[in-house]
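Each chain is listed here by its residues.
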Amino acid sequence: MTAELIGYAAAWAGFALASLPLAEAQGRRAEWPRFIAAWNWANAVQYLVLIALTVPAAFGLPEAVAQGLGLAALGYALWLEWFVAKTALRLPGGTAVLFVGLDLMLGIFIGGLVGRLAGG
């Protein structure tokens, strides 16, 4: 549990710190604080949707339905993060993908690190 909490904090701070130079490179430094605030709230929504779509799978749904709900939750989370980056930073859609990719790469890296720390 401690490793998970540290990983969550590191992922949040890591993305915030890593996204600032990326926003600056796009000429969007002034919009960055609004982006981080929106991204933070979007994360809360993502977690709620993820829970709402994956918890029912624990109650005997067929495997294909459970996997479909999980995939829908993941797709929505990626779309929401892309939409927040595009809108808050006033970026073209293709450029907003860079922010989603950065968050994914950091999340995968930190998730792997947390797994090792937790002994998994």
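Residues numbered from 1 in each chain as written. Predicted model: local features only at pLDDT ≥ 70, side-chain atom pairs only at ≥ 80, totals over all residues. Heavy atoms only, no water.

Enquirer: Before we go on, may I ask you to explain the environment of isoleucine 110 in this structure?
Expert: Its place among the elements puts isoleucine 110 in helix α4 (residues 93-117). For the pair isoleucine 110 and leucine 98, spaced twelve residues apart in the sequence, the C-alpha separation amounts to 18 Å. Contact partners of isoleucine 110, with chain neighbours within four places excluded, come to Gly7, Ala10 and Ala11. (Helix = DSSP H or I, 4+ residues; strand = E, 2+ residues; numbered from the N terminus. Contact = heavy atoms within 4.5 Å.)

Enquirer: Got a minute to help me understand the pattern of salt bridges in this structure?
Expert: Pairing between side chains becomes possible if they bear opposite charge and their charged atoms approach one another. With the rule as written, the count across this model stands at two salt bridges. In this structure, the salt-bridge partner of arginine 29 is glutamate 24, at a minimum N-O distance of 3.2 Å. Its salt-bridge partner being arginine 90, residue glutamate 31 comes within 2.1 Å of it at the nearest N-O pair. With a gap of 59 residues between them, glutamate 31 in the loop between α1 (2-25) and α2 (32-54) and arginine 90 in the loop between α3 (63-88) and α4 connect regions that are remote in the sequence. (Salt bridge = Lys/Arg side-chain N within 4 Å of Asp/Glu carboxyl O.)

Enquirer: Sorry if this is basic, but what is going on with the environment of aspartate 103 here?
Expert: Examined against the element boundaries, aspartate 103 turns out to sit in helix α4. A C-alpha to C-alpha distance of 8.9 Å links aspartate 103 and alanine 18, two positions 85 residues apart in sequence. If sequence neighbours within four positions are ignored, aspartate 103 has contacts with Phe15, Trp39 and Glu81.

Enquirer: What should I look at first to understand the packing of α3 against α4 in this one?
Expert: Relative orientation and spacing of two packed helices are given, respectively, by the angle between their axes and the distance between those axes. Between α3 and α4, whose axes approach to 8 Å, the crossing angle comes to 125 degrees. It follows from the interaxial angle that α3 and α4 lie oblique. As α3 runs across α4, the sense of the crossing is right-handed. Here Leu78, Glu81, Trp82, Ala85 and Lys86 of α3 come into contact with α4, specifically with Gly93, Ala96, Val97, Phe99, Val100, Asp103 and Leu104. Within the contact of α3 with α4, the residues separate by chemical class into eight nonpolar, one polar and three charged. (Axes fitted to C-alpha atoms, helices over the stretch in contact; angles between N-to-C directions. Parallel < 35°, antiparallel > 145°, perpendicular 65-115°, else oblique. Left-handed = near helix turned anticlockwise from the far one by under 90°. Nonpolar A, V, L, I, M, F, W, Y, C, P; charged D, E, K, R; others polar.)

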